[in-house]
Every structure is written in C-alpha cells, then in structure tokens.
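Understanding the architecture of this molecule
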Amino acid sequence: MKNSLHCVLNDEVFAILVLMALFTTFITTPTVMAVYKPARGDSTPPTHRKLRDLSADDSTVDDELRILACLHSSGNVPSLITLTESTRSTKNSSLKLFVMHLVELTERSSSIMMVQRARKNGFPFFARFRKASEWRDQMAAAFQAYSQLGRVKVRPTTAVSSLATMHEDICHVADDKRVTMIILPFHRNWRVFGGGDDKEEVEENVGHGWRVVNQRVLKNAPCSVAVLVDRGFGATAAQTPGPGPIVGVGQRICVVFFGGPDDREALELGGRMAEHPAVKVTVVRFQPTSTDGMEGSNVILRPMHSKSGDNHYSFTTTPINREKEKEQDDAALGEFRRKWDATVEYIEKEVSNMNLIVEGVVSLGKESDYDLIVVGRGRVPSSMVAKLADRPAEHAELGPVGDILASSGKGIVSSILIIQQHGGGAHVEETPVLKIAQSNKNEQALSTDGALIDNV
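Report follows, based on the coordinates. Since we're looking at a predicted model, the values are computed, not measured. (Residues numbered from 1 in each chain as written. Predicted model: local features only at pLDDT ≥ 70, side-chain atom pairs only at ≥ 80, totals over all residues. Heavy atoms only, no water.)

Looking at the overall build of the protein
Helices and strands together make up the secondary structure of the protein, namely 12 helices and 18 strands. Per-residue burial for the protein yields a buried fraction of 49% across its 456 residues. A fraction of 81% describes how many contacts in the protein between residues 6 or more apart in sequence connect residues 24 or more apart. Carbon together with sulfur atoms contributes 52% to the accessible area of the protein, which is approximately 22700 Å² in total. (Helix = DSSP H or I, 4+ residues; strand = E, 2+ residues; numbered from the N terminus. Buried < 20%, exposed > 50% of the residue type's maximum accessible area, 1.4 Å probe, protein only. Contact = heavy atoms within 4.5 Å. Areas by Shrake-Rupley, 256 points an atom, 1.4 Å probe, with all protein chains shown as cover.)

Structure follows, in structure tokens:
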C-alpha cells in the first residue's frame, strides 16, 4: 500500500498539486469580482452637502435634514438637544440626528468604530464602559426622551480613536450617513452654577488636542460644519422636550451677516430656526458707511510664509468674483426677508472702521439679549471682515468674527455657533494671511477678491 501511494504522489505530482492550490487561491477573488456585480447606488437619495441644497430641492416634502452631532461628555448634551430642537423644522422636512460620542483611544493605536445594538423597543442603547457607565446612562436617557418627538430620529454612535485620526472617523461617518451638517463642541466651554448673587461661571477646557481635531474636521469635512461655543445654551429652557415647542422660555437667536458663502449658510440655518414657534430670530447685517472707503481696493491680504495658522486667520486662495458674491448676498437676504419678514427682526448697522466692527459684534453678546449668536466663519471675507485680518487671533479656526465672540475677557455671555459652508466638489484651499494697506512690488499677495495676485 505504501509503495502504491509513493508511486502516485511523486515529486512531480506533488508540485502540480501545490501549483494548482496557489492558482486557485489567487484567481478566486478576481473571478468573483468579475462575475458578481453589486447593485450600484442608483436609488440612493441625493446627498445634501449644505443647508442650501435642501432649500433648493423641489422635493422638500420628503427631504430629511441629517445632522451629525459630536460630544465629549454629558456636559454637551443639554446645549446639543436645545440646538437640535431649535433647528427642527415644524413643516415638511424631517430631521435625523446622529449622535457621536468621541472617546480618545489611549491603550492601543488602532481605530474602532462601534455602533450600538438596538433594544426591542427600537432605541439603541449605550454600551457601558468602566467608569463612564453612569453618564452614558444619563446621556442615553436624555436622547431617548428627545427621540420621542414625532419627527426626530436619534442614532447614537461611538468613535474610539486616537486624537490624530479622530477627524477621519467623524468625516467618514458624515459621508457614509449623508449628513448635511456636522456639529462640533468647542474645546472650551463655560458652565454657570448657582443663581443670583451666588452665580458662578466655570470654564471647562478639554485640551488642545481636541482643538486640533476640530481644525482637521473643518479642513476635510464632506459637508457643512458648525462649531458650538457653549455658554449655557438652553439652560433657561426646560430640559424635557415635548412634541411641540420647547417648554419654558423661548430661544432668542441672532444671525450676524457680513457676506460670503459661510454667512449665507448661517442665514439659511436662521431660516430653519425661524420656522420653530418657540424661537425668536434676529438678523443683524453690518454695512460699510458710504463715505469711509471700506469697500476700496486698498485692503490686501498677504500670504504668510509659515503655514501655521494658530495665530493668524486663514482665507480662501480661490479667485472670487466680488460683484457676484454681493449679488448672491443681496439675493439671499432678499429671499429671507420675503419669507420671514413677519416673524424675523431685521437690523442694519453701518460701521466706518475696524474698531466699530469689533465693538458692534461684541455688544451683541454682552447684554444677554440673545441666547445664541450664529456667524459665518468667513473664509471668503468681505472688505469689512478683511479689515480684521491682522488682529491677534486667539482661535483662528473660528474666523475673525467668531473668534471675537468666542474669546475670553470681553464679557460675552451668549453662546456662539460658527458656520462653515461646504465648498462644493473639492475642498477649499486656505492660507494664513496678514493684512497690509499696500503690497510691495514683486510680492505675492491675496486681495480681498480672494485671488493670489502679483504686483498689486
């Protein structure tokens, strides 16, 4: 018997069998891929990359606003729920909220994305991890109560990643879930404890690493982005939402408008907020005086040699047609006023210099007239915003106006929402700049039209 086996499996036959096994192993995958044609996403609903896409779509009845809201801890929950409720349209379109808990991975270097399983009642539960189990239960209960609203669907997700790659997880989920806007918590927030004379404001800072995460999301996001600087937004309203408006004091929201795509996106969000019966929206448009020359061509933004933008604001390097931008600004404001003139207060403020711009912006947040101030990041700066380019930046990623309102030491008590509109099919290139009154010959500069130019 042994002799017969030896004759059959000689060296030549053995070599042939090995080659056949290798051939089968390597040919299987390409063969299956060639034969099996997975269904293409032809029936997938269109992806709305910015809020304007929803308004421009004719099929508004079935449109669904998808928001990816990120949070660090349970302290972000009240403001997040209040902001989402303020954004919830009470008319045709519905809202789906993806809540992503961001957890820094410190024990190993791989990135994990975990989507919680659903209970029998359909609400996803939050897995319990060690010491974080208590606040996770509280967060789950808060969003479970909020999801009972008829047209708000809540889907929790947890991202466990190193801070160096956290932005990749956020952008991946935003792209996969076809969200229109990402809401990021600012790395600094303020909490108010007590009341009356015993009221105490405490600053919370989660660290510079989370600031870098926000900067990278702003740079790489596949949709519009909003950064929330929380100074107790929603603290005066009831924390138990119902099927109607927010119970308690209505929210007072101010939209600051200078001009540009980011400001138009902020205006679009203000329009959605104006639909809510418990939200009072005011639009404040800053205009240059007719005799101060602020619309002149002497505002030149010179690109910095260093690419570090921590202390200097960044603006787009894409050539911009300033006249077309102004036409779009006027058209957006005209459409907004025609639609909401009966319910929204509209104010115009004329300013003649940079100091008056700063004073006018700061005054909006100091007197507690507004619970939330919504501003554009201003990557395509108007001449007024360009005047602020050489100010020392405390948080350059927020843009000049957002940085003024988010900075400490100015007595501002309103929460701030900074909006960046999605730039279209490709990411908008930005560069840190310095403002100069005139450009030197043979020196490259960035004009207020947004284009890199020579010999200005």
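Following the structure, the description resumes.
Here we look at the nonpolar core
Counting 50 residues, the largest nonpolar core has L68, I170, I182, F258, F286 and I373 as its most contacted members. In terms of residue count, helix α10 (residues 354-366) provides more of this core than any other element does, five residues in total. Leaving out residues up to four positions away in the same chain, L68 has contacts with F98, M100, I170, V173, A174, V179, M181, I182 and I183. (Core = buried A, V, L, I, M, F, W, Y, C linked by side-chain atoms within 4.5 Å.)

Structural notes on the packing of helix α6 (residues 166-176) against helix α7 (residues 208-220)
Each pair of packed helices can be summarised by the angle the axes make with each other and by the distance between the axes. Contact geometry of α6 with α7 gives a least axis separation of 9 Å together with a crossing angle of 40°. In terms of their interaxial angle, α6 and α7 are classed as oblique. Note on packing geometry: the crossing formed by α6 with α7 is right-handed. Contacts between α6 and α7 involve M166, H167, I170 and C171 from the former and W210, V213, R216, V217 and N220 from the latter. Split into classes, the residues belonging to the contact of α6 with α7 amount to six nonpolar, two polar and one charged. (Axes fitted to C-alpha atoms, helices over the stretch in contact; angles between N-to-C directions. Parallel < 35°, antiparallel > 145°, perpendicular 65-115°, else oblique. Left-handed = near helix turned anticlockwise from the far one by under 90°. Nonpolar A, V, L, I, M, F, W, Y, C, P; charged D, E, K, R; others polar.)

Observations regarding the pattern of salt bridges
For side chains bearing opposite charge, pairing can occur when the charged atoms are close. Enumeration according to the criterion identifies 13 salt bridges in this entry. R88 serves as the salt-bridge partner of E85, at 3.0 Å between the closest nitrogen and oxygen. On the basis of relative accessible area, R88 is assigned to the buried category, the value being 6%. Ionic pairing is found between D330 and K326, a salt bridge with its closest N-O pair at 3.2 Å. Pair noted here: D330 and K326 are both in helix α9 (residues 322-340), with a separation of four residues, about one helical turn. Take D330: its relative accessible area is 33%, and that puts it in the partly exposed class. Shared partners join several salt bridges into a network, and the residues in it are E64, R66 and K153. (Salt bridge = Lys/Arg side-chain N within 4 Å of Asp/Glu carboxyl O.)

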